[in-house]
Amino acid sequence: MSVKEATKQAPAPVPATPEPPRPAKGHRAWDEAPRWQIYLPLGIYLLFTLVPFYWILLFSLRPAGSTSLVPWPMTFDHFEKVWTERSFGTYFTNSVLVGVATLIMTTLVALAGGYALARFDFKVKRAFMLGLLCSQFVPGALLLVPLFEIFAELQMINSLGSVILAETVFQLPLSMILISNFIKNVPYSLEEAAWVDGCNRMTAFRIVVLPLLRPGLIAVGSFAFVHSWNHFLFALMFLNNQDKQTIPVGLNSLMSADSVDLGALAAGGIIAAVPVVIVFAFIQKWLITGFSAGAVKG
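Below: a short report on this structure. By convention here, each chain's residues receive numbers from 1 onward along its written sequence. In keeping with the predicted nature of the model, local features appear solely for residues at pLDDT of at least 70, side-chain atom pairs appear and are counted solely at 80 or more, and the whole-chain, interface and lining totals rest on all residues. The basis for the side-chain values is all heavy atoms of the structure; hydrogens and waters are excluded.

**Quick notes on the side chain of Glu191**
Think of it this way: any DSSP run of H or I at least four residues long counts as a helix, any run of E at least two long counts as a strand, and we number them from the N terminus. Looking at where Glu191 falls in the secondary structure, it is placed in helix α8 (residues 188-196). Summary of the burial criterion: residues with accessible area below 20% of their type's maximum are buried, those above 50% are exposed, and those between are partly exposed, where the area comes from a 1.4 Å probe applied to protein chains only. Since its relative accessible area comes to 0%, Glu191 is described here as buried. The contact rule is simple, with two residues in contact once any of their heavy atoms fall within 4.5 Å. With residues near it in sequence (within four places) discarded, Glu191 still touches Tyr115, Arg119, Arg201, Ala204 and Val209.

**Examining the layout of surface pockets**
Taken as a whole, the largest pocket holds about 340 Å³ of empty space. Broken down by element, the residue count for the lining of the largest pocket peaks at seven residues, all from helix α7 (residues 160-184). Residues that form the lining of the largest pocket fall into these classes: 14 nonpolar, six polar and no charged. The method works on a 1 Å grid over the protein atoms by themselves. A cavity is a set of points holding a 1.4 Å probe that cannot get out, a pocket is an open set with protein on both sides within 12 Å along at least five of seven lines, and residues with an atom within 4 Å of a point line them. Grid points are joined across faces, edges and corners, and a volume is the space filled by probe spheres set on the points. The calculated volume of the second largest pocket comes to roughly 170 Å³. All amino acids are sorted into three groups, where Ala, Val, Leu, Ile, Met, Phe, Trp, Tyr, Cys and Pro are nonpolar, Asp, Glu, Lys and Arg are charged, and the leftover types, Gly among them, are polar.

**Observations regarding the pattern of salt bridges**
The term salt bridge refers to a pairing of a side-chain nitrogen on Lys or Arg with a carboxyl oxygen on Asp or Glu at a separation within 4 Å. Evaluated as defined, the whole model comprises two salt bridges. Linking Arg119 and Glu191 is a salt bridge whose minimum nitrogen-to-oxygen distance equals 2.6 Å. One end of the pair, Arg119, is in helix α4 (residues 88-119); the other, Glu191, is in helix α8, and 72 residues separate them in sequence. Across this residue pair, the class does not change: Arg119 and Glu191 are buried.

**Details of the environment of Gly221**
As for its position among the elements, Gly221 is in helix α10 (residues 214-230). Residue Gly221 is classed as buried on the basis of its relative accessible area, which comes to 4%. Between the C-alpha atom of Gly221 and that of Gly99, which follows or precedes it by 122 residues, the distance is 9.5 Å. Among all residues touching Gly221, those that are not within four sequence positions of it are Leu103 and Thr107.

**Focus: the environment of Leu210**
With respect to the element layout, Leu210 can be found in the loop between α9 (201-209) and α10. By relative accessible area, Leu210 is classed as partly exposed at 27%. For the pair Leu210 and Leu111, spaced 99 residues apart in sequence, the C-alpha separation works out to 9.4 Å. Excluding anything up to four places from it in sequence, Leu210 contacts Leu111, Phe205 and Leu217.

**Quick look at the nonpolar core**
For soluble globular proteins, the rule of thumb is that nonpolar side chains tend to be buried together. We call a set of buried Ala, Val, Leu, Ile, Met, Phe, Trp, Tyr and Cys residues a nonpolar core when their side-chain atoms join them within 4.5 Å. Core analysis: the biggest nonpolar cluster contains 19 residues, and Leu111, Ile179, Ile183, Phe205 and Leu213 have the highest contact counts within it. Mapped onto this core, the elements with two or more residues apiece are α4, α7, α9 and α10. At seven residues, the largest contribution of residues to this core is made by α7. Excluding residues that lie within four positions of it along the chain, Leu111 makes contacts with Ile179, Ile183, Phe205, Leu210, Leu213 and Leu217. One finds Phe79, Phe88, Ile247 and Ala272 within the second-largest nonpolar core, a separate group that totals 17 residues.

**Regarding the packing of α4 against α7**
A pair of packed helices is captured by two measures, namely the crossing angle of their axes and the spacing between those axes. Throughout, an axis means a line fitted to C-alpha atoms (over the contacting stretch in the case of helices), and angles, computed between N-to-C directions, take values from 0 to 180 degrees. At a closest axis distance of 6 Å, the pairing of α4 and α7 adopts a crossing angle of 35°. The handedness of the crossing between α4 and α7 comes out as right-handed. For the contact of α4 with α7, the residue count by class is 17 nonpolar, nine polar and three charged. Left-handed is the label given to a crossing in which the near helix is rotated counterclockwise from the far helix by less than a right angle, and right-handed is the label when the rotation is clockwise.

**Remarks on the packing of aromatic side chains**
The pairing test for Phe, Tyr and Trp rings, Trp by its six-membered ring, is centres within 6.5 Å, and the orientation test on the planes gives stacked under 30 degrees, edge-to-face over 60, and tilted for anything in between. Taken as a whole, this structure holds 12 aromatic pairs when the rule is applied. Ring centres of Trp55 and Phe59 lie 5.7 Å apart, and the angle between their planes is 65°; this geometry places the pair in the edge-to-face category. Within this pair, Trp55 and its partner Phe59 are both found in helix α2 (residues 35-61), separated by four residues, close to a single helical turn. Taking relative accessible area as the criterion, Phe59 reaches 18% and is therefore assigned buried. Their ring planes at 50° and their centres at 5.2 Å tell us that Phe170 and Phe234 sit as a pair that is tilted. Taken together, the residues Phe170 in helix α7 and Phe234 in helix α11 (residues 233-238) connect sequence positions 64 residues apart. The exposure class of Phe170 is partly exposed, given its relative accessible area of 23%. Taking relative accessible area as the criterion, Phe234 reaches 1% and is therefore assigned buried.

Put into structure tokens, the structure is as follows:
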């Protein structure tokens, strides 16, 4: 074969893609913001966020009557006072019981309802979903009187069960929507494959689907726990005895018309905030994943 024929049969060389021009040294690209434009707003936001927390910590740790901006000498008298004299130990226990019970009930019912919304079609499905969304626009204060009448008929007034039931009912709509959207992201073929292997629907759900729902369940459960932990209105209306009240009502009892014990109030606020901060510190990874995955349909 001649050189000319070999040249004709050889593929034509592919022209190299020219590289985009790089910005000159010392100049930024047109779409790259200077660092100070990012850090300055974040620093201001962080300042406004952390200063109130430092102020609460300052009042809770410095001695009564002190005006120092540094909690020194440090004292824990305010914590001892609210925990023993103000019955915050009892309030804390009641809040834990309400929060954990609301978490369990909301998660179980939302899991069953969310699976039904995600996997089954029925005539009133759209109307039911619309009702769930519209229920989020109704303030809880509007339903206090009818709820009080219902719980009075059921003899549940001054019982933690009334607060748990009310909190669960108000958490269910959003929780069911989140769980249903999260289940839609799980391929239906996985359940069908389990059915082929001999599993029934419940077993296939428990073995195949439920392990994939961990981020969504953590997100729904944590949201229900925090809301019930911080909610003030239901506990104030349905609980009369001091030994049945929760932390938000206990914090309200530290403020009177004549005076406010700032040290005790700050110590009570720290006691109320620490458990929630610890919970979120451990579950933040699954919480972000759960809310982002349950917010959209895959």
